[in-house]
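One-letter residues, chain by chain:
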Amino acid sequence: DLSGENARLREAEAQLNAALALVGYAGSNPGRTYLAAGVVGRDESLFLSYVLLNRGARDGVGLEDIVVTDQGLVGIITEVTANASKVLLITDASSAVNVRVQESRAEGVVTGQQSGELRLNFISVDVDLKPGDLVLTSGLGEQFPVGIIVGQVASVRKRTFDVFQEADITSAVKFDRLETVLIITDFEKPEIAPLIGTPTP
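The following refers to the structure shown.

### Quick look at the overall build of the protein
- For the protein, the count of helices and strands is 1 helix and 12 strands.
- Its C-alpha atoms put the protein at 65 × 40 × 35 Å along the principal axes.
- Buried residues in the protein amount to 36% of all 201 residues.
- Once local pairs closer than 6 in sequence are excluded, the contacts in the protein between residues at least 24 apart make up 56%.
- Counting every atom, the protein has about 11,300 Å² of accessible surface; 53% of that belongs to carbon and sulfur.
- Charge separation in the protein, taken as the distance between the mean sites of 17 positive and 27 negative side-chain charges, equals 3 Å.

### Focus on the nonpolar core
- Membership of the largest hydrophobic core comes to 43 residues, with the highest contact counts inside it found for Leu53, Leu73 and Leu120.
- If sequence neighbours within four positions are ignored, Leu53 has contacts with Ala37, Gly38, Val39, Val40, Ile77, Asn83, Ala84, Ser85, Val87, Val181 and Ile183.

### Regarding the pattern of salt bridges
- Counted under the stated rule, the structure contains 8 salt bridges.
- Across the salt bridge formed by Arg157 and Glu166, the nearest N and O atoms sit 3.0 Å from each other.
- Given the relative accessible area of 34%, Arg157 is considered partly exposed.
- Among the ionic pairs, Asp162 bridges to Arg159, the shortest N-O distance being 2.8 Å.

### Description of the pairing of strand β3 (residues 66-69)
- By the alternation rule, side chains of β3 split into Ile66 and Val68 and Val67 and Thr69, which are all buried.
- By the bridge criterion, 4 bridges tie β3 to strand β4 (residues 72-80) in an arrangement that is antiparallel. The residue of β4 that forms the bridge with Thr69 is Gly72.
- Here β3 hands over to β4 after 2 residues, the two strands then running antiparallel side by side.

### Side note on the packing of aromatic side chains
- Under the defined criterion, the tally for this structure stands at 1 aromatic pair.
- Between Phe122 and Phe164, the aromatic rings sit 5.6 Å apart at their centres with planes inclined by 90 degrees, giving edge-to-face as the arrangement. Remark: Phe164 occurs in strand β11 (residues 164-170) and Phe122 occurs in strand β8 (residues 118-124); sequence separation between them is 42 residues.
- Owing to a relative accessible area of 43%, Phe164 belongs among the partly exposed residues under this scheme.
- Positioned above the aromatic ring of Tyr50, the side-chain terminus of Lys86 is 4.2 Å from the ring centre.

### A word on a negative patch on the surface
- Together, Glu64, Glu142, Glu188 and Glu191 make up a negatively charged patch on the protein surface.
- Within the secondary structure, Glu64 is located in the loop between β2 (50-53) and β3.
- For Glu64, a relative accessible area of 43% puts it in the partly exposed group.

What counts, and at which threshold
- Residues numbered from 1 in each chain as written.
- Predicted model: local features only at pLDDT ≥ 70, side-chain atom pairs only at ≥ 80, totals over all residues.
- Heavy atoms only, no water.
- Helix = DSSP H or I, 4+ residues; strand = E, 2+ residues; numbered from the N terminus.
- Buried < 20%, exposed > 50% of the residue type's maximum accessible area, 1.4 Å probe, protein only.
- Contact = heavy atoms within 4.5 Å.
- Areas by Shrake-Rupley, 256 points an atom, 1.4 Å probe, with all protein chains shown as cover.
- Lys, Arg positive; Asp, Glu negative; His and termini not counted.
- Charge placed at Lys NZ, Arg CZ, Asp CG, Glu CD.
- Core = buried A, V, L, I, M, F, W, Y, C linked by side-chain atoms within 4.5 Å.
- Salt bridge = Lys/Arg side-chain N within 4 Å of Asp/Glu carboxyl O.
- Pairing = 2+ DSSP bridges.
- Phe/Tyr/Trp six-rings, centres within 6.5 Å; stacked < 30°, edge-to-face > 60°.
- Lys NZ or Arg CZ within 6 Å of the ring centre and 35° of its normal.
- Patch = residues over 30% accessible without salt bridge, like charges linked within 9 Å, V, L, I, M, F, W, Y side chains within 5 Å.

Rendered as structure tokens:
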């Protein structure tokens, strides 16, 4: 009985600490509406590309809502039912996130890989990119708000005769251990598509 009670207390403490971390993140990033959700399912294939959440349309979840934790960007809602939703992780091979390197202010794109890793592309070879540099969402495009942590530069590949360099990115998010996340339900994506290619007055 004592062992069982200790196990329950440890589990309650772990859940409380996770909840407090998410509350702290929401408090330090005001101006957005957050909805906490629990992970109730995962991609069963060899490469983890999505998770399932226990929040859906009747909770206010919509398509393309952004999903985060206190550690960084998780992904985007791609499917919704009344009481559940599916999150495409940024590690999926079809994912692309416009980013900015905090130190140099250089802009590039982080793409998911088939292996489940993250890669930073389209950074000029003239940029001093180095391990440890922090990579954040840039806000460019229509998909993600600005300033969400994507990860840190782990290693850099640069050749002098190339136009761009690339880097492997390490996320602080443990995608295979996600339990609770935050859904940003009020991000209004700018409608820039109609403005691209229009003649200058």
